[in-house]
Amino acid sequence: MTNSSYNQHAQRYFNQYQFITFDQVHGDWLPQLDGKAGLARDVGAGSGRDAAALVKRGWDVVAVEPAAGLRELGRNATKDKSIQWIDDQLPDLNRVRKLSCSLNLILVSAVWMHIPPTARERAFRILAELLAPGGMLVVTLRHGPGDGERVFYDVRREELEVFAKHRALIPVALPTRRNDDELKRSEISWETLAFRLADDGTGALPTIRHIIVNDNKSSTYKLGLLRALVRIADGAPGLALNRNDDWVELPLGAVGLFWIMLYRPLILKHHLRQAPGAGGYGFAKEDFFKLQDSSPLDFRVGMRLSADVAPVVLRAIRDACTNILKNPAHFTTWPGSNRPIFEGGSARVIIKNEPARLDKATLSRFGTFRVPSFLWDAFSRYACWIEPAIVNEWIGLMSGWDVRYSMDVYHQGLQWVEGRRDTSTVRQLVEQQLQAGKVECIWTAQNLKDKRFDVDHCFPWSRWQNNDLWNLMPATQSANASKSEKLPADSLLKQARPRVLNWWEQAILGSVREKQFFSEAEAALPLLGQNRTVEGVFEGMLQQRLRLKTNLQLAEWLGV
């Protein structure tokens, strides 16, 4: 779909869209909202008129607009609204899908006629897969000739109805008449269709339950692989290399790293059997046992490893990757089939005696690992339910192989390595900056020079365990206590933007922590990619805030 006309004449189209109200255009389906609110995507958001109207009705909205000129005008016009803007477009919606959020409403207004007929079935399928149970997809159809500037294709109600039937979407009863064009173009008319998803519709949860509960297990390896993938999808989605309709591709090294972080305390600290009998483990070789005296926080994503530690960790990851591909990835199969659910391939890695950083590039050197897209989305959206089920089954296996230990020991062994708050590094940074000058509370703008301060997890630790530098902020004790375990509201976080950027520039950029800062942000924030600027990290935070609010249903904090 070409956007050249929308970029070349952005101001004209902006004025045209703003001339008509949201209620004028969407009156046919507005009664379906019935006071409801949730998470919405406005695909082809244009001027932001519809997104702003939805925000006014209580919705959280992501405005998706591929035309850069129009997107910037819309962003400026809605900068005081709780709207996140994304550069993306149908039929792919690659960036939208990276967020792995299920949507209560998708609005596709004045867009469908620009999509080539050969791409429409795929576009509709992608839209349907983004819907939450009970979510509604609204599509407006433009009937009439083109304007000589933009590419238009014929559209038909019957085409959408067939697509909806194939995706098990239920038609919403709306007026079937065509409406006159609100810009008084006599040759143009409009038609609106809406569809609703009745249930989950993905088959993901039954498949996951099969792996956790029903699949035969001669060790804990299948559970270990599944939990590693859930942890990556929930806490480090930015590590994903590629995504298409069928697969999400990860660095194999990331899967190996998370595997080591899971098994290190179980084997090296608590000595808990991970398979019956007294034998060893295929991945636990000499280098794995050398990690005995290391802190697990020293080799998490983004950390820089010294020349004496890096080869040990990288070889341990390589051994884990080999074992993962040979065992759990190969033997975790679809129900009633011998066909593996996951795919992967290793690459030859030369490990030198030199420092290394555990970032996306380094972890990609080991090869790739592919997860079905619909499972990846379920891992991201339902991690808070899936992980406890994995842990419960894992404990059941271990207790059946060795009855010497109490339930407390099993739970301690399975506690995620980042299962404790760690603000010590940022606390030191705050103290250093206070000695040199001024540090502001990011929430109240108060100078912390003469105040007792806290280091606040911007996104609450109790619900999303993340000690990354970008997530830790200087704050007054009173502000931190008031915020407690709530998620900062969109408006509050945007108000704090100058202070957040100033803190990062003041304390981190240009320091030895800069590479760690961006590597951690790249892993945790799914839309950051290679945009290694503090502005890019902050935009990624806004998207992650909305993702956490939607997936975890967190309460919001409006400030002191």
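The preceding data block contains the structure.
What counts, and where the lines are drawn
- Residues numbered from 1 in each chain as written.
- Predicted model: local features only at pLDDT ≥ 70, side-chain atom pairs only at ≥ 80, totals over all residues.
- Heavy atoms only, no water.
- Helix = DSSP H or I, 4+ residues; strand = E, 2+ residues; numbered from the N terminus.
- Rg over C-alpha atoms; globule rule 2.2 N^0.38 Å.
- Buried < 20%, exposed > 50% of the residue type's maximum accessible area, 1.4 Å probe, protein only.
- Contact = heavy atoms within 4.5 Å.
- Areas by Shrake-Rupley, 256 points an atom, 1.4 Å probe, with all protein chains shown as cover.
- Salt bridge = Lys/Arg side-chain N within 4 Å of Asp/Glu carboxyl O.
- Axes fitted to C-alpha atoms, helices over the stretch in contact; angles between N-to-C directions.
- Parallel < 35°, antiparallel > 145°, perpendicular 65-115°, else oblique.
- Left-handed = near helix turned anticlockwise from the far one by under 90°.
- Nonpolar A, V, L, I, M, F, W, Y, C, P; charged D, E, K, R; others polar.
- 1 Å grid on protein atoms, 1.4 Å probe; cavity = no way out; pocket = protein on both sides within 12 Å on 5 of 7 lines; lining within 4 Å.
- Points joined across faces, edges and corners; volume = space filled by probe spheres on them.
- Phe/Tyr/Trp six-rings, centres within 6.5 Å; stacked < 30°, edge-to-face > 60°.
- Lys NZ or Arg CZ within 6 Å of the ring centre and 35° of its normal.
- Polar contact = N/O pair within 3.5 Å; in protein donor to acceptor, adjacent residues only side chain to side chain.

Student: Summarise the overall build of the protein chain; cite the residues concerned and give the values.
Tutor: Helices and strands together make up the secondary structure of the protein chain, namely 24 helices and 18 strands. For the protein chain, the C-alpha radius of gyration of 25 Å lies close to 24 Å, the compact-globule estimate for 560 residues. Reported as C-alpha extents along the three principal axes, the dimensions of the protein chain are approximately 80 × 65 × 40 Å. For the protein chain, the proportion of its 560 residues judged to be buried stands at 57%. Taking as baseline every contact in the protein chain between residues at least 6 positions apart, the subset at least 24 positions apart corresponds to 75%. Here the protein chain displays about 23300 Å² of accessible surface, and carbon together with sulfur accounts for 48% of that area.

Student: Talk me through the pattern of salt bridges; I want residue IDs and the actual numbers.
Tutor: Within the structure shown, the criterion is met by 37 salt bridges. Notably, a salt bridge pairs Arg122 with Asp92, separated by 2.5 Å at the nearest N-O pair. Taken together, the residues span a long stretch of sequence, with Arg122 in helix H7 (residues 117–130) and Asp92 in the loop between strand S3 (83–86) and helix H6 (94–98) at a distance of 30 residues. Residue Arg122 is classed as partly exposed on the basis of its relative accessible area of 28%. Under the relative-accessibility criterion, Asp92 is labelled partly exposed at 29%. With a closest N to O distance of 4.0 Å, Arg427 and Asp454 form a salt bridge. In this pair, Arg427 sits in helix H19 (residues 424–436) while Asp454 sits in strand S15 (residues 453–457), placing the two residues 27 residues apart along the sequence. Accessibility expressed as a relative area gives 28% for Arg427, which makes it partly exposed. Exposure remark for Asp454: the relative accessible area of 17% places this residue in the buried category.

Student: So what's going on with the packing of helix H10 (residues 221–235) against helix H17 (residues 383–401)? Which residues, and what values?
Tutor: Here H10 crosses H17 at 160°, and the two axes come no closer than 10 Å. It follows that H10 is roughly antiparallel to H17 by the angle criterion. You can see that H10 and H17 cross each other, and the crossing is left-handed. Residues Leu223, Gly224, Leu226, Arg227, Val230, Arg231 and Asp234 of H10 touch H17, and the partners they reach there are Ala383, Ile386, Glu387, Ile390, Val391, Glu393, Trp394 and Leu397. Its residues assigned to classes, the contact of H10 with H17 shows nine nonpolar, one polar and five charged.

Student: Any details on the layout of surface pockets? Residues and values, ideally.
Tutor: A volume near 690 Å³ is recorded for the largest pocket. Around the largest pocket, the lining is made up of 42 residues, and of these Tyr17, Arg49, Ser109, Ala110 and Trp190 lie nearest the centre. Looking at the lining of the largest pocket, the elements that each hand over two or more residues are helix H2 (10–19), helix H3 (22–26), strand S1 (39–43), helix H4 (49–56), strand S5 (131–143), strand S7 (179–180) and strand S8 (189–197). Its residues assigned to classes, the lining of the largest pocket shows 16 nonpolar, 15 polar and eleven charged.

Student: Describe the packing of aromatic side chains, and please don't skip the residues or the numbers.
Tutor: Inspection of the entire model under this criterion finds 27 aromatic pairs. Taken together, a centroid distance of 4.8 Å and an interplanar angle of 45° make the contact between Tyr6 and Tyr13 tilted. Neither Tyr6 nor Tyr13 differs from the other in exposure class; each is buried. Aromatic ring contacts, followed pair by pair, group Tyr221, Trp259, Tyr263, Tyr281, Phe283, Phe288, Phe289 and Trp394 into a single cluster. The side chain of Arg12 reaches across the aromatic face of Tyr13, ending 5.3 Å from its centre. Over the aromatic face of Phe152 sits the side chain of Arg142, whose NZ or CZ is 4.1 Å from the ring centroid.

Student: I'd like a description of the environment of Tyr281, backed by residues and values.
Tutor: Looking at the element boundaries, Tyr281 is found in the loop between helix H11 (252–269) and helix H12 (286–289). Not counting residues within four places of it along the chain, the set of residues in contact with Tyr281 comprises Tyr221, Ile267, Leu272, Arg273, Gln274 and Ala275. Among the polar contacts listed, one links the side chain of Tyr281 to the side chain of Arg273, at a separation of 3.1 Å. Within the structure, the side chain of Tyr281 is placed 3.1 Å from the backbone nitrogen of Gln274, a separation counted as a polar contact.

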